[in-house]
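Results of the structural survey
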Amino acid sequence: MSVTNSVIAVSSTSITPGFTLQDTQVSIGIIASLVLLSGVAVSIVSKINKISFTVDVIQETLKLHASNAEKIKDLDKRLDIHIQDYVNYKDANLLSHNGLNDLIEHKWQRSESEFNAIKQNVKELQGFLNRTNDFKVRE
């Protein structure tokens, strides 16, 4: 027995217009993902901008501190000069003071010897006057 199969060719011209529920879910998922990614990108960019601003502030602060360090270094040099001037002035005054003390001591010793010589001469004169004129010495 012979069996024949028959094949019917049907062309479907029916196209469903619009989106299906599945297409809508996929498109909503894509939009939500894009919004989420753009939010993450905005967050990353804002953090990078904040870091950049902080770095700029730090650079300005470092420049200010470097300027202040130069001023302090200059003041330190000036202070060293003034300290050295003070030490030199103090040393000169000490030398002058010690020199004057030595000079006074020398003059005092010389004057003391002169006073002793004058005292000796006065005693000799008193002795001579006492022997010759009955001169009395009052003290």
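Please refer to the structure higher up on the page.
My aim in this report is to walk through the structure given alongside it, one point at a time. (Residues numbered from 1 in each chain as written. Predicted model: local features only at pLDDT ≥ 70, side-chain atom pairs only at ≥ 80, totals over all residues. Heavy atoms only, no water.)

Describing the overall build of the protein
Secondary structure assignment for the protein yields one helix and zero strands. Across the 139 residues in the protein, those meeting the buried criterion constitute 0%. (Helix = DSSP H or I, 4+ residues; strand = E, 2+ residues; numbered from the N terminus. Buried < 20%, exposed > 50% of the residue type's maximum accessible area, 1.4 Å probe, protein only.)

Description of the pattern of salt bridges
Any two side chains of opposite charge can pair if their charged atoms end up close together. On inspection of all chains with the given rule, the structure shows one salt bridge. Between D74 and R78 there is a salt bridge whose closest N-O contact spans 3.0 Å. Residue D74 and its partner R78 are both found in helix α1 (residues 21–133); the two are separated by four residues, about one turn of the helix. You can call D74 partly exposed: its relative accessible area is 36%. (Salt bridge = Lys/Arg side-chain N within 4 Å of Asp/Glu carboxyl O.)

Focus on α1
The end-to-end C-alpha separation of α1 is 162 Å, in line with the 168 Å expected for 113 residues at 1.5 Å each. Directly beyond the C-terminal end of α1, a positive phi value near 55° is found at D134. (Expected span 1.5 Å × (residues − 1).)

With respect to a nonpolar patch on the surface
The grouping of V26, I30, L34 and L37 at the surface amounts to a nonpolar patch, some 400 Å² of accessible area in total. Among the secondary structure elements, I30 is positioned in helix α1. (Patch = residues over 30% accessible without salt bridge, like charges linked within 9 Å, V, L, I, M, F, W, Y side chains within 5 Å. Areas by Shrake-Rupley, 256 points an atom, 1.4 Å probe, with all protein chains shown as cover.)

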